[in-house]
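# Structural overview
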Amino acid sequence: MHLRDHGVTIYYLLADFTAPSWGIGMLYEHVRLLRAQGFDARALHHHSPFRPAWIDVEVPIVYLDDADFAPRSSDIVVVPEVLASLEVVQQFPWHRIVFVQGSFLITRGLGDAADYRELGFEAAMVVLPHVATVVGQHFGLPATVVPPFVASYFFEPSAAPRRKRVLLAWKEAYRAAGLLDHDIVLWLLSRELRKRPEWELVRLDGLSHREVAALMSSSAFLVNVSSHEAFNTTVPEAMAAGCIPICYEAIGGRDFLRDGFNAVVFPNQQVYALVERACELVDTFDECPGLIARLQSGGRETAGTFTPERTAEALRSFFESLNFA
């Protein structure tokens, strides 16, 4: 079934979530990229007139609470893994596709279901190869990799010289879950950098995506101790901006992280070793320009593989291959 020739609408279901999230941003970008290729794709939110203020992607939005919302049986809904078991997904006779951006919260999104087939899903998209393996082996569907991309403005060089600044990626959800790595890093690095007054520590908290890009383009290092991520977006974003990541391997890092080539990488929860190495890099920053340049070059090379063109081609190929009965 060629979707573009049969009047099929592709809905991307989104949570009405106000905080900036590139995971949600990527759902919007999928809609934009599909529409640019002639597919009828639309964002689907729950309550009108919700529209996230931080997303500068213009795509049509429809709402589940609209009395006129009535998808046809030939239409498709793409559902993030964290929303897979929502009752509303089962209410309509549309074709269901799950889009898995992370591999850690899959079971929470499944609810009481044994796998995605039990919930009526017919196909799966994932962001990285390791997630495809997880979904295929454990959750009932073969999966197609549709890679994410790094926003173009992270590749824009800063006119200002790079500052002696360490950025700290921060997710309150980790603290709420009882993981204290961010607290430990914040406490230790704050203390250590006070002894090095030419350096500053800045938390990436409450900033727009473009503000983060501007900071990364003029900062020396990013410290990210998120351990349960797949793409772990701030890490490849920092690579694109020439801001060297000091990070955990997380869950998806095996697919693109190379210690000493594009980042400084540690096993998950090795927080004290990570802080010690961060302080060493700070202290030798001026003395080791070759190392800094190699890490920046490797990082940009890696980030440069995550392009919107690659995402668009993977989307086109995936949706053109669908053959729902």
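Above: the structure in question.
Please read these numbers as outputs of a predicted model, since none were measured by experiment.

Looking only at helices and strands, the protein features 11 helices and 12 strands. What you see for the protein is a C-alpha radius of gyration of 21 Å, in line with the 20 Å of a compact globule of 325 residues. Over its C-alpha atoms, taken along the principal directions, the protein stretches across nearly 65 × 40 × 35 Å. When burial is assessed residue by residue, the protein has 53% of its 325 residues classed as buried. Long-range pairs, those at least 24 residues apart, make up 64% of the contacts in the protein with a sequence separation of at least 6. Accessible surface, the protein as shown: approximately 14,500 Å² in total, 52% of it carbon and sulfur. Distance between charge centres in the protein, computed from 28 positive and 39 negative side chains, equals 5 Å.

Taken in spatial order, the 7 strands of this open sheet run β3-β2-β1-β4-β5-β6-β7, and their pairing is parallel. With one partner strand each, in any of the chains shown, β3 (61-63) and β7 (143-145) form the two edges of the open sheet. Adjacent strand axes in the sheet meet at a mean angle of 30 degrees when their direction is disregarded. Both strand β1 (residues 9-13) and strand β4 (residues 76-80) contribute to a ladder of 3 bridges, which runs parallel. For Ile-10, the partnering residue across the bridge sits in β4 and is Ile-76. Sheet contacts for helix α11 (residues 308-321): β1, β4, β5 (95-100), β6 (121-126) and β7; angle to β6, the most-contacted strand, approximately 165 degrees.

We now examine a nonpolar patch on the surface. Nonpolar side chains collect at one region of the surface, where Val-82, Phe-104 and Leu-105 lie side by side and expose about 270 Å² of accessible area between them. Residue position: Val-82 is located in the loop between β4 and α2 (87-91).

This brings us to the environment of Phe-266. Topologically, Phe-266 is positioned in strand β12 (residues 264-266). A sequence separation of 16 residues divides Phe-266 from Ala-250, and the C-alpha atoms of the two residues are 8.9 Å apart. Beyond its immediate sequence surroundings of up to four residues, Phe-266 is in contact with Ile-246, Cys-247, Tyr-248, Glu-249, Ala-273, Leu-274 and Arg-277.

Right, let's talk about the state of the cysteines for a bit. In protein chemistry, a disulfide is the covalent bond that joins the sulfur atoms of two cysteines. All told, the structure shown has 0 disulfides when counted by the stated rule. The thiol of Cys-288 is unpaired, and the distance to the nearest cysteine sulfur, on Cys-279, comes to 15 Å.

The next subject is α11. Taking 1.5 Å as the rise per residue, α11 with 14 residues should run 20 Å; its terminal C-alpha atoms sit 20 Å apart, in good agreement. Those residues of α11 lying buried are Thr-311, Ala-312, Ala-314, Leu-315, Phe-318 and Phe-319. For α11, the buried positions fall inside an angular range of 165 degrees around the axis, keeping them on one side. Facing away from the buried side of α11, by more than 90 degrees, are the exposed residues Glu-309 and Ser-321. If you follow the buried residues of α11, they end up packed against β1, α1 (22-36), β4, β5, β6 and β7.

Moving on, we come to the pairing of strand β8 (residues 163-169). Taking burial as the measure, the 7 residues of β8 include 5 buried ones, the bulk of the element. Where β8 lies against strand β10 (residues 219-224), 4 bridges are found, and the strand directions are parallel. If you follow Arg-163 over to β10, its bridge partner there is Ser-219. With 5 bridges connecting them, β8 and strand β9 (residues 200-204) associate as parallel partners. Bridge pairing in β9 links Leu-168 to Arg-203.

This part covers the layout of surface pockets. Counted as a void, the second largest pocket has a volume near 270 Å³. Listed by contribution, the elements that provide at least two residues to the lining of the second largest pocket are α1 and α7 (209-217). Broken down by element, the lining of the second largest pocket gets its largest block of residues, 5 residues, from α1. In terms of residue class, the lining of the second largest pocket is made up of 10 nonpolar, 4 polar and 4 charged.

About the thresholds
Residues numbered from 1 in each chain as written. Predicted model: local features only at pLDDT ≥ 70, side-chain atom pairs only at ≥ 80, totals over all residues. Heavy atoms only, no water. Helix = DSSP H or I, 4+ residues; strand = E, 2+ residues; numbered from the N terminus. Rg over C-alpha atoms; globule rule 2.2 N^0.38 Å. Buried < 20%, exposed > 50% of the residue type's maximum accessible area, 1.4 Å probe, protein only. Contact = heavy atoms within 4.5 Å. Areas by Shrake-Rupley, 256 points an atom, 1.4 Å probe, with all protein chains shown as cover. Lys, Arg positive; Asp, Glu negative; His and termini not counted. Charge placed at Lys NZ, Arg CZ, Asp CG, Glu CD. Pairing = 2+ DSSP bridges. Axes fitted to C-alpha atoms, helices over the stretch in contact; angles between N-to-C directions. Patch = residues over 30% accessible without salt bridge, like charges linked within 9 Å, V, L, I, M, F, W, Y side chains within 5 Å. Salt bridge = Lys/Arg side-chain N within 4 Å of Asp/Glu carboxyl O. Disulfide = S-S within 2.5 Å. Expected span 1.5 Å × (residues − 1). Arc of directions from axis to C-beta. 1 Å grid on protein atoms, 1.4 Å probe; cavity = no way out; pocket = protein on both sides within 12 Å on 5 of 7 lines; lining within 4 Å. Points joined across faces, edges and corners; volume = space filled by probe spheres on them. Nonpolar A, V, L, I, M, F, W, Y, C, P; charged D, E, K, R; others polar.

This is a description of form; function is not addressed.
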